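# Architecture and fold: a report
Given next are the chains, with one letter for each unit.
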Amino acid sequence: KRGEDFFDGDRNCGYGGFKYDGRWKKIAKKIVQEYKLVEKSKILQLGCEKGFLLNDLMDIHPNLELQGLETSEYAIRKSMDKIKKNILKVDNYLNLNFEDNYFDFVLGLGVIYVNNLTDGIRCISEIERVSNGKSFISLASYTKPEDYWLFKSWSVLGTTILKKEEWVKVLKHVKY
């Protein structure tokens, strides 16, 4: 359920303590530079958790239109005060309630591979639909069997773990 145990409980149940420590500041700067985001850019983060990255993006450009989506009520409740109003509770990321091409940048870290393959494809398609061509996603991939088993032993929620060339086929299929 991605509740307290997952975020702030023992590492065997999830993160093992998910606290703000500033590590997202460097990533926020790289995102702004790489994707040429400006003061009024519209950004969507799927699975924004406690809002750490959104917070650091807001520090760079206070007038960004930031929207976070999160499935965990606990994470939203424990999100950073400055960004809490920008986070919406959703059941999943399969039917995003936004217009086509609405966002200048969409970020999906760890939200695709926790689905079965069919829903992962739907999620990627939705990211493509609501973004104007700029997005970044993370996928669970491997090349060697030992990498597969390493991920399986590390991930609490990982469901769809494909070889890199298999993900390439999926991404071509959804025109990502």
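Please refer to the structure higher up on the page.
Here goes a summary of the coordinates provided. Given the structure is predicted, the values throughout are model-derived calculations rather than measurements.

The next subject is the packing of aromatic side chains. Summed over all chains, the structure comprises 7 aromatic pairs. Geometrically, the ring pair formed by Phe98 and Phe103 is edge-to-face, given 4.9 Å between the ring centres and 80 degrees between the ring planes. Classification of Phe98 by relative accessible area gives partly exposed; the value is 22%. On the basis of an interplanar angle of 75 degrees and a centroid distance of 5.4 Å, the ring pair of Tyr113 and Phe151 is categorised as edge-to-face. Of this pair, Tyr113 sits in the loop between β4 (105-108) and α5 (117-130) while Phe151 sits in helix α6 (residues 145-154); the two residues are 38 residues apart in sequence, bridging distant segments of the chain. Judged by its relative accessible area of 15%, Phe151 falls in the buried class. Here a set of aromatic residues connected by ring pairs shows up, and it is made of Phe98, Tyr102 and Phe103. Sitting above the plane of the Tyr102 ring, Lys42 keeps its charged end 4.3 Å from the centroid.

This next bit is on the side chain of Gln45. The residue Gln45 is located in strand β1 (residues 42-46) in this model. Discounting chain neighbours no more than four positions away, the residues touching Gln45 are Leu53, Leu54, Gln67, Gly68, Leu69 and Leu107.

Let us now look at the sheet that holds strand β3 (residues 87-89). The parallel open sheet is built from 5 strands, whose spatial order is β3-β2-β1-β4-β5. Across the chains shown, the open sheet's two edge strands, defined by having one partner strand only, are β3 and β5 (135-137). Neighbouring strand axes in the sheet, compared pairwise and without regard to direction, differ in orientation by 15 degrees on average. Where β1 and β4 come together, 4 bridges link them in parallel fashion. Bridge assignment links Leu44 to a residue of β4, and that residue is Val106. Sheet strands in contact with helix α3 (residues 52-60) are β1, β2 (65-70) and β4, and its direction is about 175 degrees off that of β2.

Calculation notes
- Residues numbered from 1 in each chain as written.
- Predicted model: local features only at pLDDT ≥ 70, side-chain atom pairs only at ≥ 80, totals over all residues.
- Heavy atoms only, no water.
- Phe/Tyr/Trp six-rings, centres within 6.5 Å; stacked < 30°, edge-to-face > 60°.
- Buried < 20%, exposed > 50% of the residue type's maximum accessible area, 1.4 Å probe, protein only.
- Helix = DSSP H or I, 4+ residues; strand = E, 2+ residues; numbered from the N terminus.
- Lys NZ or Arg CZ within 6 Å of the ring centre and 35° of its normal.
- Contact = heavy atoms within 4.5 Å.
- Pairing = 2+ DSSP bridges.
- Axes fitted to C-alpha atoms, helices over the stretch in contact; angles between N-to-C directions.

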